[in-house]
Amino acid sequence: MNEPTKDEKIWQVVAAIPVGKVASYGQVAHMAGLGRQARYIGKALGKLPSGHSIPWYRVIRSDGKIAFPVGSEAFEVQAQSLRAEGVLVVDGQVLIRQFGWRP
DNA sequence: TAACTGACGGAGC
DNA sequence: AGCTCCGCCAGTT
């Protein structure tokens, strides 16, 4: 079998984020072995195939905000999806612990 | 082919 | 706390 591509690797990492938690692009990039290619994460998520089961909405920026402009359709979908999992989102800011974050 | 862009991040001011 | 600049790297124009 062919090895997972970078995109698939990223999707796999994103899929490993527990429900109710989030991870930053940089964190996902690091976990996927891509180092500083944080930008590639967004690209890979944009390539998501139809019928996927990837919780792309659990991926946010390093500053804890959603990567889309407030008010955009994608923003609403992401914010609502997160809220559905018990994550609080106020003005684009995600108010929960990140995956891998420990008190 | 060169320049620009982008669901980013971190450092500098 | 907010803005700017630079780095990364692959895909587009």
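Structure first, text after, so check above.
These numbers come from a predicted model, not from an experiment.

### Things to note about the protein's contact with DNA strand B
Part 1 of the argument: Near DNA strand B there are 13 residues, and of these Y25, R39, K43, W56 and S62 occur at the shortest range.
Part 2 of the argument: Protein-proximal atoms of DNA strand B, defined as those within 4 Å of the protein, fall in sugar or phosphate at a share of 42%.
Part 3 of the argument: Contacts to DNA strand B include Y25, whose side-chain N or O atom sits 3.0 Å from a base nitrogen.
Part 4 of the argument: Note that a phosphate oxygen of DNA strand B is positioned 3.2 Å from one of the backbone N or O atoms of G26.

### Regarding the packing of aromatic side chains
The relative placement of two aromatic rings is captured by the distance of their centres and the angle of their planes.
Part 1 of the argument: The final tally for this structure, using the stated rule, is one aromatic pair.
Part 2 of the argument: Pairing W56 with Y57 gives two aromatic rings, centres 6.0 Å apart and planes at 75 degrees, and the pair type is edge-to-face.
Part 3 of the argument: Its relative accessible area of 22% is what places W56 among the partly exposed residues.
Part 4 of the argument: Residue class for Y57 comes out buried when judged on its relative accessible area of 17%.
Part 5 of the argument: Over the face of the ring belonging to Y40 we find K6, whose NZ or CZ atom lies 5.2 Å from the ring centre.

### Some details on a nonpolar patch on the surface
Part 1 of the argument: Together, L88, V90 and L95 make up an exposed nonpolar region whose accessible area comes to about 290 Å².
Part 2 of the argument: Locating L95 in the fold gives a position in the segment after β4 (93-94).

### Some thoughts on the protein's contact with DNA strand C
Part 1 of the argument: Near DNA strand C you find K6, Q37, R39, Y40 and K43, and these make up its full shell.
Part 2 of the argument: Each atom of DNA strand C within 4 Å of the protein was assigned to sugar, phosphate or base; sugar and phosphate come to 50%.
Part 3 of the argument: Between a phosphate oxygen of DNA strand C and a side-chain N or O atom of K6, the distance comes to 3.2 Å.
Part 4 of the argument: For DNA strand C, a base nitrogen lies 2.6 Å from a polar atom in the side chain of K43.
Part 5 of the argument: The greatest single-element share of the surface near DNA strand C, amounting to three residues, is contributed by helix α3 (residues 38-46).
Part 6 of the argument: Taken together, the residues of the surface near DNA strand C sort by class into one nonpolar, one polar and three charged.

### So, α3
Part 1 of the argument: Among the residues of α3, those classed as buried are Y40, I41, A44 and L45. One side of α3 carries all its buried residues, which in axial view fall inside an arc of 140 degrees. Away from its buried face, by an angle of more than 90 degrees, α3 presents the exposed residues R39, K43 and G46.
Part 2 of the argument: Where the residues of α3 are buried, they touch α1 (6-15), α2 (25-31) and β2 (59-60).

Conventions used here
Residues numbered from 1 in each chain as written. Chains lettered and ligands numbered in written order. Predicted model: local features only at pLDDT ≥ 70, side-chain atom pairs only at ≥ 80, totals over all residues. Heavy atoms only, no water. Near = heavy atom within 4 Å. Polar contact = N/O pair within 3.5 Å; in protein donor to acceptor, adjacent residues only side chain to side chain. Phe/Tyr/Trp six-rings, centres within 6.5 Å; stacked < 30°, edge-to-face > 60°. Buried < 20%, exposed > 50% of the residue type's maximum accessible area, 1.4 Å probe, protein only. Lys NZ or Arg CZ within 6 Å of the ring centre and 35° of its normal. Patch = residues over 30% accessible without salt bridge, like charges linked within 9 Å, V, L, I, M, F, W, Y side chains within 5 Å. Areas by Shrake-Rupley, 256 points an atom, 1.4 Å probe, with all protein chains shown as cover. Salt bridge = Lys/Arg side-chain N within 4 Å of Asp/Glu carboxyl O. Helix = DSSP H or I, 4+ residues; strand = E, 2+ residues; numbered from the N terminus. Nonpolar A, V, L, I, M, F, W, Y, C, P; charged D, E, K, R; others polar. Arc of directions from axis to C-beta. Contact = heavy atoms within 4.5 Å.

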